[in-house]
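Take a look at the letters that make up each chain.
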Amino acid sequence: MRKELTTRHLLFFGPPGAGKGTQATMLSARVGVPHISTGEILRSAAAQGTPLGKRAKEIIDAGHLVPDDIMVELVRDVLRKPEARGGFILDGFPRTLPQAEALTALLAELHVNSFAVVVLDVDEEELVRRLSNRLVCERDGRVYSVGRSGVNRGSPCPDCGGQLVQRDDDREETVRRRLKVYLQTTAPVLAYYEQLGVLVHVDGRGTAETVHWEITQKLSEEVEG
Ligand code: AP5
Ligand code: MG
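Residues numbered from 1 in each chain as written. Chains lettered and ligands numbered in written order. Predicted model: local features only at pLDDT ≥ 70, side-chain atom pairs only at ≥ 80, totals over all residues. Heavy atoms only, no water.

1. Points about the nonpolar core
Soluble globular proteins: nonpolar side chains tend toward being buried together.
Argument step 1. In terms of nonpolar packing, the biggest core is built from 33 residues, with Leu79, Leu90, Leu103, Val117 and Tyr193 touching the most fellow members.
Argument step 2. Put simply, the parts of the chain that give this core at least two residues each are β2 (9-13), α3 (51-62), α4 (68-79), β4 (88-91), α5 (97-109), β5 (116-121) and α8 (189-196).
Argument step 3. Those residues in contact with Leu79, other than ones at most four positions away along the chain, are Ile36, Ala84, Phe88, Leu90, Leu103, Leu106 and Leu110.
Argument step 4. The next biggest cluster of nonpolar side chains, apart from the first, holds 21 residues, and it includes Ala24, Leu27, Val118 and Val175. (Core = buried A, V, L, I, M, F, W, Y, C linked by side-chain atoms within 4.5 Å. Buried < 20%, exposed > 50% of the residue type's maximum accessible area, 1.4 Å probe, protein only. Helix = DSSP H or I, 4+ residues; strand = E, 2+ residues; numbered from the N terminus. Contact = heavy atoms within 4.5 Å.)

2. Thoughts on the pairing of β2
Argument step 1. Most of β2 sits inside the fold, with five of its five residues counted as buried.
Argument step 2. Side-chain alternation along β2 places His9, Leu11 and Phe13 on one buried face and Leu10 and Phe12 on a second face that is also buried.
Argument step 3. Bridge count for β2 against β5 is four bridges, and the pairing is parallel. Within β5, the residue paired with Leu10 across the bridge is Ala116. (Pairing = 2+ DSSP bridges.)

3. What about helix α9 (residues 208-219)?
Argument step 1. The first and last C-alpha atoms of α9 sit 17 Å apart over twelve residues, in line with the 16 Å expected at 1.5 Å per residue.
Argument step 2. Within the span of α9, buried status applies to Val211, His212, Ile215, Thr216 and Leu219. For α9, the angular spread of the buried residues around the axis is 135 degrees, confining them to a single face. When the buried face of α9 is taken as reference, the exposed residues oriented beyond 90 degrees from it are Glu209 and Trp213.
Argument step 3. Against the buried residues of α9 lie β1 (2-5), β2, α1 (20-31), β5, β9 (199-203) and β10 (220-223). (Expected span 1.5 Å × (residues − 1). Arc of directions from axis to C-beta.)

4. Side note on the side chain of Asn133
Argument step 1. In this structure, Asn133 sits in helix α6 (residues 124-133).
Argument step 2. Setting aside chain neighbours within four positions, we find Asn133 in contact with Tyr144, Ser145, Val146 and Arg153.

5. Examining the site of ligand 1
Argument step 1. Thr22, His64, Arg95, Arg134 and Arg178 are the nearest of the 34 residues found near ligand 1.
Argument step 2. Residue Gly17 places a main-chain N or O atom 2.9 Å away from an oxygen atom belonging to ligand 1.
Argument step 3. Here His64 contributes a backbone N or O atom positioned 2.6 Å from an oxygen atom of ligand 1.
Argument step 4. Calculation on ligand 1 without its partners gives an accessible area of 1,000 Å², and the protein chains cover 95% of this total.
Argument step 5. Taken together, the elements giving at least two residues each to the shell around ligand 1 come down to α1, α2 (38-48), α6 and β7 (143-145).
Argument step 6. Tallying contributions element by element places α2 first for the shell around ligand 1, with four residues.
Argument step 7. Residues that form the shell around ligand 1 fall into these classes: 13 nonpolar, twelve polar and nine charged. (Near = heavy atom within 4 Å. Polar contact = N/O pair within 3.5 Å; in protein donor to acceptor, adjacent residues only side chain to side chain. Areas by Shrake-Rupley, 256 points an atom, 1.4 Å probe, with all protein chains shown as cover. Nonpolar A, V, L, I, M, F, W, Y, C, P; charged D, E, K, R; others polar.)

Now the structure itself:
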């Protein structure tokens, strides 16, 4: 008997700093499905200075949500790419009820009839601590925490030597706004998925490795062979 994921179509859900990106990166490397982070797509568009990127940057830095029509169109384009045909880990989408409803329609169009929503549960104090300690490599995009892996403010990326910087939306007042938006607008989306019976709650407070272990355990089943 060996263990296999029950589905390769996953949504990672949780408040800012819960570890969605960290866990999606780990699972994506392990099972070989693409990690699609809507936040990363918007930040990369902003770095390239595209019209969407410029508009999104102002919204992101204020801690608000990018309008639903833009986000739905963006996700529609990504999920229709051949790379996403064998599965995907969607990180940071949906964040509103209209986005969730649009995704249901899109998954039906793509003939995806089974998926799971992994919810990372982390208390607010820990979220604020993680976000204020997060550093991101400007060159390769890897994410670190101050005081871990030998990283401190001002030190170079341990992997590529690039500069480690704070995300503009990790400033204290923006973090507070993002948490509020999560509670008011995004958390209610959980009720929608609860009804569909696809929620998988995971305690996100352990180390990245223990959280990864719990996710794989909860998403796996034993199969013959
Ligand atoms: P996005 O980039 O998705 O930001 P977010 O949801 O606020 O989440 P974060 O990326 O801040 O946190 P995370 O959960 O990925 O945590 P991470 O793994 O990095 O979105 C940014 C913005 O884009 C939004 O505010 C919005 O404006 C816009 N946007 C995006 N999608 C949108 C949508 N669908 N609709 C509208 N607007 C949208 O971990 C955080 C830190 O903790 C890191 O330093 C990490 O190293 C550390 N860490 C991780 N796990 C652990 C652990 N287990 N123990 C200790 N430390 C840990
Ligand atoms: Mg993230």
